[in-house]
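# Coordinate inspection notes
Read off the chains here:
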Protein chains: 2
Amino acid sequence: MIKLLNVCLSPALIPLYNIEDYIVVVIDIFRATSSITYGIGNGAEAIIPVAEIQECSAYREKGKEYLLAAERNGEVVSGFDFGNSPFSYTKEKVFGKTVVLTTTNGTNALHLSRKAKKVVIGSFLNITSLCSWLKKQPDSILLVCAGWKNNFNLEDTLYAGAVIEQIKSRDYVLDDPAIAANDLYQIGKQDIVDYLKKTSHSERLKKLGIEKDIEFCLQIDLTTAIPILDGEKLVKLV
Amino acid sequence: MIKLLNVCLSPALIPLYNIEDYIVVVIDIFRATSSITYGIGNGAEAIIPVAEIQECSAYREKGKEYLLAAERNGEVVSGFDFGNSPFSYTKEKVFGKTVVLTTTNGTNALHLSRKAKKVVIGSFLNITSLCSWLKKQPDSILLVCAGWKNNFNLEDTLYAGAVIEQIKSRDYVLDDPAIAANDLYQIGKQDIVDYLKKTSHSERLKKLGIEKDIEFCLQIDLTTAIPILDGEKLVKLV
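Okay, so let's go over this structure. Treat the numbers as computed from the prediction; the structure is a model and nothing was measured.

### A closer look at the interface of chain B and chain A
The interface is formed by 24 residues belonging to chain B together with 24 residues belonging to chain A. Counting the surface lost from both chain B and chain A, the interface buries some 1900 Å², and carbon and sulfur atoms represent 65% of this. Interface area lost by chain B to chain A is led by Asn151(B), Phe152(B) and Asp176(B), which between them contribute 28%. If you look at where chain B meets chain A, you find zero salt bridges. Put simply, chain B and chain A have six residue pairs in polar contact (both at pLDDT 80 or more) between them. When residues of the side of chain B that touches chain A are traced back to their parent elements, those giving at least two are α6 (154-167) and α7 (176-188) of chain B. Ranked by the residues each element gives to the side of chain B that touches chain A, the list is headed by α7(B), at seven residues. Looking at side-chain class alone, the side of chain B that touches chain A contains 13 nonpolar, six polar and five charged residues.

### Thoughts on the relation of the copies chain B and chain A
Copies of the same chain, two in number, are related to each other by a rotation about an axis and a translation along it. Superposing chain B onto chain A requires a rotation of 180° together with a translation of 0.0 Å along the rotation axis, leaving an RMSD of 0.0 Å. Taken together, the rotation angle and the small translation identify this as a two-fold axis. Every residue of chain B has its C-alpha some distance from the rotation axis, and the shortest such distance is that of Leu184(B), at 3.3 Å. Interface residue correspondence from chain B to chain A reaches 100%, placing this contact among same-surface, isologous pairings.

### A short note on a nonpolar patch on the surface
A cluster of nonpolar side chains, contributed by Ile2(A), Leu4(A) and Val173(A), occupies part of the molecular surface with about 250 Å² of accessible area. With respect to the secondary-structure elements, Ile2(A) resides in the segment before β1 (3-8).

### Overview of the pattern of salt bridges
Working definition: two side chains of opposite charge can pair if their charged atoms are close together. Residues and elements named next belong to chain A. Tallied over the entire structure, the rule returns six salt bridges over all chains. Close ionic contact of Glu165 with Lys168 constitutes a salt bridge, the shortest N to O distance being 3.4 Å. A residue is classified by how much of its surface remains accessible, and Glu165, at 29% relative accessible area, is partly exposed. Classification of Lys168 by relative accessible area gives partly exposed; the value is 40%.

### Things to note about the packing of helix α5 (residues 127-136) of chain A against helix α6 (residues 154-167) of chain A
Residue and element names in this part refer to chain A. Interhelical geometry of α5 versus α6 gives an angle of 55° and a closest axis separation of 9 Å. When the axes of α5 and α6 are compared, the pair comes out oblique. The handedness of the crossing between α5 and α6 comes out as right-handed. Together, Ile127, Thr128, Leu130, Cys131, Leu134 and Lys135 of α5 and Tyr159, Ala162, Val163, Gln166 and Ile167 of α6 make up the contact between the two elements. Grouping the amino acids of the contact of α5 with α6 by side-chain chemistry returns eight nonpolar, two polar and one charged.

### Overview of the side chain of Ser88(B)
Residue and element names in this part refer to chain B. Relative to the helices and strands, Ser88 is located in the loop between β5 (75-76) and α3 (91-94). Looking at Ser88, the relative accessible area reads 11%, which means it is buried. When near neighbours in sequence (up to four residues on either side) are disregarded, Ser88 contacts Phe82, Lys93 and Val94.

### Notes on helix α7 (residues 176-188) of chain A
All names here are of chain A. In this model, α7 (13 residues) spans 18 Å end to end at C-alpha, consistent with the 18 Å of a helix rising 1.5 Å per residue. Summarising burial for α7: eleven of the 13 residues are buried, a large majority. Residues of α7 that are buried: Asp176, Pro177, Ala178, Ile179, Ala180, Ala181, Asn182, Asp183, Leu184, Tyr185 and Gly188.

### Focus: helix α4 (residues 106-113) of chain B
Those residues of α4(B) that fall on the buried side of the exposure criterion are Gly106(B), Thr107(B), Ala109(B), Leu110(B) and Ser113(B). Seen end-on, α4(B) carries its buried residues on one side only, within an arc spanning 160°.

### Some thoughts on the environment of Leu218(A)
Residue and element names in this part refer to chain A. Checked against the element boundaries, Leu218 lands in the loop between α10 (211-217) and β10 (227-230). For Leu218 and Glu155, which are 63 residues apart along the polypeptide, the C-alpha to C-alpha distance reads 9.7 Å. The residues contacting Leu218, other than those within four sequence positions of it, are Ile29, Phe30, Phe124, Ile192, Val193 and Leu196.

### Overview of the nonpolar core
The biggest cluster of nonpolar side chains holds 158 residues, and the ones touching the most others in it are Leu143(A) and Leu143(B). In contact with Leu143(A), other than residues within four places in its own chain, are Leu5(A), Asn6(A), Val7(A), Cys8(A), Val25(A), Ile27(A), Ala160(A), Val163(A) and Ile164(A).

### Overview of the layout of surface pockets
Looking at the second largest pocket, its volume works out to about 480 Å³. Lining the second largest pocket are 17 residues, with Asn6(A), Tyr17(A), Asp175(A), Asn151(B) and Arg204(B) sitting closest to its centre. Of all elements in the fold, only β1, β9 (172-174) and α7 of chain A together with α9 (200-207) of chain B reach the threshold of two or more residues within the lining of the second largest pocket.

### Quick look at the state of the cysteines
Residues and elements named next belong to chain B. Across all of its chains, the model carries zero disulfides over all chains by this definition. Left without a disulfide partner, Cys8 is nearest to the cysteine sulfur of Cys145, which lies 7.4 Å away. Owing to a relative accessible area of 0%, Cys145 belongs among the buried residues under this scheme.

### So, the packing of aromatic side chains
According to the stated counting rule, one finds twelve aromatic pairs over all chains in the structure shown. Measuring from ring centre to ring centre gives 5.1 Å for Tyr59(B) and Tyr66(B), while their planes differ by 55°; the resulting arrangement is tilted. For Tyr59(B), a relative accessible area of 16% translates into the label buried. Ring centres 4.9 Å apart and planes at 80° place the aromatic pair Phe124(B) and Tyr159(B) in the edge-to-face group. With Phe124(B) in the loop between β7 (118-122) and α5 (127-136) and Tyr159(B) in helix α6, this residue pair connects regions lying 35 residues apart in the sequence. Counting every residue linked through ring pairs, the aromatic cluster contains Tyr38(A), Phe87(A) and Phe216(A). Positioned above the aromatic ring of Phe80(B) is the side chain of Arg60(B), whose terminal nitrogen or guanidinium carbon lies 5.5 Å from the ring centre.

What counts and what doesn't
Residues numbered from 1 in each chain as written. Chains lettered and ligands numbered in written order. Predicted model: local features only at pLDDT ≥ 70, side-chain atom pairs only at ≥ 80, totals over all residues. Heavy atoms only, no water. Contact = heavy atoms within 4.5 Å. Buried area = accessible area lost by both parts, 1.4 Å probe. Salt bridge = Lys/Arg side-chain N within 4 Å of Asp/Glu carboxyl O. Polar contact = N/O pair within 3.5 Å; in protein donor to acceptor, adjacent residues only side chain to side chain. Helix = DSSP H or I, 4+ residues; strand = E, 2+ residues; numbered from the N terminus. Nonpolar A, V, L, I, M, F, W, Y, C, P; charged D, E, K, R; others polar. Least-squares fit on C-alpha atoms with pLDDT ≥ 70 in both. Patch = residues over 30% accessible without salt bridge, like charges linked within 9 Å, V, L, I, M, F, W, Y side chains within 5 Å. Areas by Shrake-Rupley, 256 points an atom, 1.4 Å probe, with all protein chains shown as cover. Buried < 20%, exposed > 50% of the residue type's maximum accessible area, 1.4 Å probe, protein only. Axes fitted to C-alpha atoms, helices over the stretch in contact; angles between N-to-C directions. Parallel < 35°, antiparallel > 145°, perpendicular 65-115°, else oblique. Left-handed = near helix turned anticlockwise from the far one by under 90°. Expected span 1.5 Å × (residues − 1). Arc of directions from axis to C-beta. Core = buried A, V, L, I, M, F, W, Y, C linked by side-chain atoms within 4.5 Å. 1 Å grid on protein atoms, 1.4 Å probe; cavity = no way out; pocket = protein on both sides within 12 Å on 5 of 7 lines; lining within 4 Å. Points joined across faces, edges and corners; volume = space filled by probe spheres on them. Disulfide = S-S within 2.5 Å. Phe/Tyr/Trp six-rings, centres within 6.5 Å; stacked < 30°, edge-to-face > 60°. Lys NZ or Arg CZ within 6 Å of the ring centre and 35° of its normal.

The structure is reproduced here in structure tokens:
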């Protein structure tokens, strides 16, 4: 059976898709979905994505097993344990804990995708494991780029192209955004770190002094963990 | 002074831009903006883009100098003189006439761009003339891809990349969509006709039996005419 392999280039375009027909991969490379993958890989019990900073604060009363993470415009929101730097999601910090997380782009994309057949988290840190799993699924696949403030960004699209590179076959029909993402990957794949230096977001993160985060997020196959949405929580797919 | 050179990949993303700050180039390669360029180049007095088929019909009573053109889903709407095939915009047909036009994607993109500093029409048919003019403008430039049903398409994005190739310089700062469009153009430029064969829209138009239209729309510099929005009408920039 022919399946669709589509790319949604921005959360603003999600309404154009019949989201219920797809397995959705949410992509926010710098840095939400990289950190989520790393955290789940390091034994976090769950990560709860919430849209608003207040929802995140509300967990403060519920006990010490909750770590509160809030990021806006690339920075940790004042008063919170941490934001979405992957270095906050080490084993020492998250093992056995539940992280409640709100970010500028990633959690919104997750929220808008929740009616999909399944929602999983993509990053370079788990790409091969994710692609092996995707190839076994009987359903169409929609790669949702979180982008930057509802617009297209290069890093998420390039990653979508990298996933397509691994899974494309006669079983799938690609749409135009998927063809474009895969072509951009052909240009960027020789040196992804270098290619992404020209992005606007890379400039933005450099100003925030978090180039180390960028390098970290571009590592391949650091873990085999695939975070999957289960109700309101992201947990490890087993 | 530094100017922005940005690409809006779909009409659905236009609200993300401060449209009043830009000169907008509207792009709907297959086929609205190619036909508009050809028609204005062939001496049409004006082309009036309207959003709805009824608005188009309303001109029927106004006299024989109005030609009514309506396209939906790639086909001429029944009861209309023609749709948006460039072969309907020859000198014999349009010289001295005003065409009232409604299309699936292009007229909507025009409508959403009307608050820009200036709105001009881009196509391969006038690319060099357009780019020479753009380079002389003191303002930031937004290339608006009409896309397909509010989503990204390859042909409009590739064209945006071709424009960027001609005008990019130290005077301009590119955003991520502009970088991506220009990179896609690097992949497609060797053989644009062949590259675009893999697009979904090309498949769609082939089914409609209008491959000749596609070839026509990919011709370079058939005219120097630049259509510009003047009130509600597109006229020749002088």
